[in-house]
Amino acid sequence: MKLELPPERALPRAEWMAERILAETSSASSRKSGATIYWIGGLVAAAVTITVAVIGWAVLIPTGQSQVGAPPATSVEPSGGPASTVASHTASPLKSTPAAASPTIRSSGGPKTASRTASATAAPPRTPTPTQSIRTPNETTKTGKASTPPASSERPVTTTVPIGVRVKAPYLDLTASGTMRQGDVYAVLVETCVRSLLPGSSEGLVLSRSSWTLSTSKGTVSAEAPITDPISLPTAYPEEGIYLVGECARGWIPFSVGADTSVTAITYRDSLGADVTWNPNT
Amino acid sequence: MSVGTAGGGESDAELWHRLRSADEDAFRELFMRHSTPVYNFCFRRTASWSVAEDATQATFTTLWRRAVRGEVEALKLDSARPALLRMARNECSNANRSRDRHLTLVDRVRTEQRPPADNTASWVEAESTMAVIRQALAALPANQRDVVELVAWSGLSLADAAAALKISVGTVKSRLSRARARLARTELAALLEESR
């Protein structure tokens, strides 16, 4: 009996595997550095907040003013300012946008943040916590910036860019870096990285695949549309998950499009102000 | 061997040099150039396409992680293949050890990743044949098997195989000679003579 070595085969989907290795490794290092930044940032923020609290408390004592029990005329508007601002950043996106009906993006700590801020304004304790000290009526009255949004709130971003461009959106860095077509399926390689959290939140952001859509010659296609002829993807973008600062969701999202349908845009849209479109034909 | 400059682009040495600075393009090019030989080398060591695919990915993942950490050693030869096959050898051994424990997972991955149009029967037949060859090859000591796999089956030169195994060329030559002598009257004899 004479044996023969089986014929050699080409490695299946070699390009995908290479991209997968690069993606997973960069994601891991991003998580690591992100975690470091998160902790350092947290320590710095805590130090600054404590300093502000101590200074604010020291100012109160010599003047003899009890800003905790300040007159309603001066305390209502300022105290309502920050509280409503925070609440609008956490709760309203879920209510005000159509996309929010499906789990697009939200603060997992949203309701807690809103209630925490409201109770602090209504009845500030004698020994303010660092967060509460920033939001006391005393300070807002002094600065006159009661309605100023918290420093970490971000402006909405609406833009159109070529494929491959990284976009800084509110709280997130977004990239659509590649496309692939196989039969009726059009897949997009995307990355969503959490750059910061909603004010007062510490529990991360929920990132969802449903924030991504395609514009085609036959209309808009959702990532949630069923795919009749599935294809293998090396790294699928997660359906949904909670991500902290520095963490990224990355991978391919398959869309069901007709074979004769042209794709004109890849869009990320969430309820926190991101409306970003990549042109896949540039 | 001409793998050092396969594709007509940069040489392996140039790409490897860039890889040491974590250059993604260099990694991609090296991957496209050598992943299939690594894959087939792993298949011949494991007799499983899916385990070979996992081991190939593990090999290049290890390489890229080292590159990111700045831990890739300088290339001493013109070709990167000996260094990659040496890494693959370790990954294949790991994959073989864990294969039984992860059999269920491997089967699932294989089912998911196999291209739908592929001929499943030929995959299974190749694995069966390779398993028989592995069984026959088990008559050799491990160090002689290594030489057979690198020189006779993967086409490395004696010098490249020596570099991959970190032994002298003379040792490679003597091990290959002993392996051939030992298997001369078996069904594997032809497989040791061919240059692949």
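Quantities reported herein were computed from a predicted structural model and do not represent experimental measurements. Here the residue numbers are simple positions, counted from 1 along each chain's written sequence. Working convention: letters from A go to chains and numbers from 1 go to ligands, in the order in which they are written. Reporting in this predicted model follows two pLDDT cut-offs: at least 70 for local features of residues, and 80 or more for side-chain atom pairs to be given and counted; totals over whole chains, interfaces and linings ignore these cut-offs and use all residues.

### Here we look at the sheet that holds strand S3 (residues 166-169) of chain A
All names here are of chain A.
- When DSSP finds two or more bridges between two strands, those strands count as paired. In this description a helix means any DSSP run of H or I spanning at least four residues, a strand means any run of E spanning at least two, and both kinds are numbered starting from the N terminus. Spatially, 4 strands are ordered S3-S4-S5-S10 in an open sheet, and the strand pairing comes out antiparallel. Two strands bound the open sheet, and with one partner strand each, they are S3 and strand S10 (248-256). For this sheet, the mean inter-axis angle between neighbouring strands, taken without regard to orientation, is 25°. Lines fitted to C-alpha atoms define the axes here, with helix axes fitted over just the stretch in contact, and angles between the N-to-C directions of these axes take values from 0 to 180 degrees.

### Examining the confidence of the model for chain B
Residue and element names in this part refer to chain B.
- Every residue gets a pLDDT, meaning the predictor's confidence in that residue, from 0 to 100. Per-residue pLDDT for chain B averages 83, and the proportion of residues at 70 or more is 82%.
- Predicted confidence for residues 1-7 stays below pLDDT 50, and this span has 15 contacts to residues more than four positions away or in other chains.
- Interface predicted TM-score (ipTM) for the complex: 0.81; the corresponding pTM is 0.47. The contact rule is simple: place each C-beta atom from the backbone, and if two of them lie within 7 Å, those residues are in contact.

### Here's the deal with helix H6 (residues 120-137) of chain B
All names here are of chain B.
- Each helix should span, by expectation, one fewer than its residue count multiplied by 1.5 Å. With 18 residues, H6 should cover 26 Å at 1.5 Å per step; its first-to-last C-alpha distance of 26 Å lies within 8% of that length.
- Restricting attention to buried positions, one finds in H6 the residues Met 130, Ile 133 and Leu 137. Each buried residue of H6 lies within a common arc of 55° when the element is viewed along its axis, so the set occupies one face. Relative to its buried face, H6 has exposed residues pointing more than 90 degrees away, namely Thr 120, Ala 121, Val 124, Glu 125, Ser 128 and Gln 135. As a rule, residues whose C-beta atom has 12 or fewer other C-beta atoms within 10 Å are exposed, those with 20 or more are buried, and those in between are partly exposed; C-beta atoms are placed from the backbone. Working note: the arc is built from the helix axis to C-beta atom directions.

### Regarding the nonpolar core
Residues and elements named next belong to chain B.
- Remark: nonpolar core denotes a set of buried Ala, Val, Leu, Ile, Met, Phe, Trp, Tyr and Cys residues whose joining runs through C-beta atoms within 7 Å. Formed by 54 residues in total, the largest nonpolar core has its most connected members in Cys 42, Ala 88, Val 148, Val 151 and Ala 161.
- Considering every element that reaches this core, the biggest residue donor is helix H2 (residues 24-46), with 9 residues.
- An automatic or database domain assignment provides the domain bounds reported here. When residues of this core are assigned to domains, at least three map to each of domain 1 (3-119) and domain 2 (139-196).

### Focus on the packing of helix H7 (residues 142-153) of chain B against helix H8 (residues 158-165) of chain B
All names here are of chain B.
- Between H7 and H8, whose axes approach to 9 Å, the crossing angle comes to 135°. Here H7 is positioned oblique relative to H8, judged by the angle of their axes. Judged by the twist between their axes, the crossing of H7 over H8 is right-handed. Residue-level inspection shows Asp 146, Val 147, Leu 150 and Val 151 of H7 in contact with H8, the latter providing Leu 158, Ala 161, Ala 164 and Leu 165.
- The residue classification treats Ala, Val, Leu, Ile, Met, Phe, Trp, Tyr, Cys and Pro as nonpolar and Asp, Glu, Lys and Arg as charged. All others, Gly included, are polar. Considered class by class, the residues forming the contact of H7 with H8 number 7 nonpolar, no polar and 1 charged. Should an angle fall under 35 degrees it is called roughly parallel, over 145 degrees roughly antiparallel, and 65 to 115 degrees roughly perpendicular, with every other angle called oblique. Left-handed describes a crossing in which the near helix is turned anticlockwise from the far one by less than a right angle; the clockwise case is right-handed.

### Some words on the sheet that holds strand S2 (residues 157-162) of chain A
All names here are of chain A.
- The 5 strands lie next to each other as S2-S12-S11-S7-S8, forming an open sheet whose pairing is mixed. A strand with exactly one partner marks an edge of an open sheet, and here the two such strands are S2 and strand S8 (219-222). Strand-to-strand twist in this sheet, taken as the mean axis angle between neighbours without regard to direction, amounts to 20°.
- Note that S2 and strand S12 (residues 274-279) share 6 bridges and pair parallel. Bridging across to S12, Thr 159 finds its partner in Val 276.

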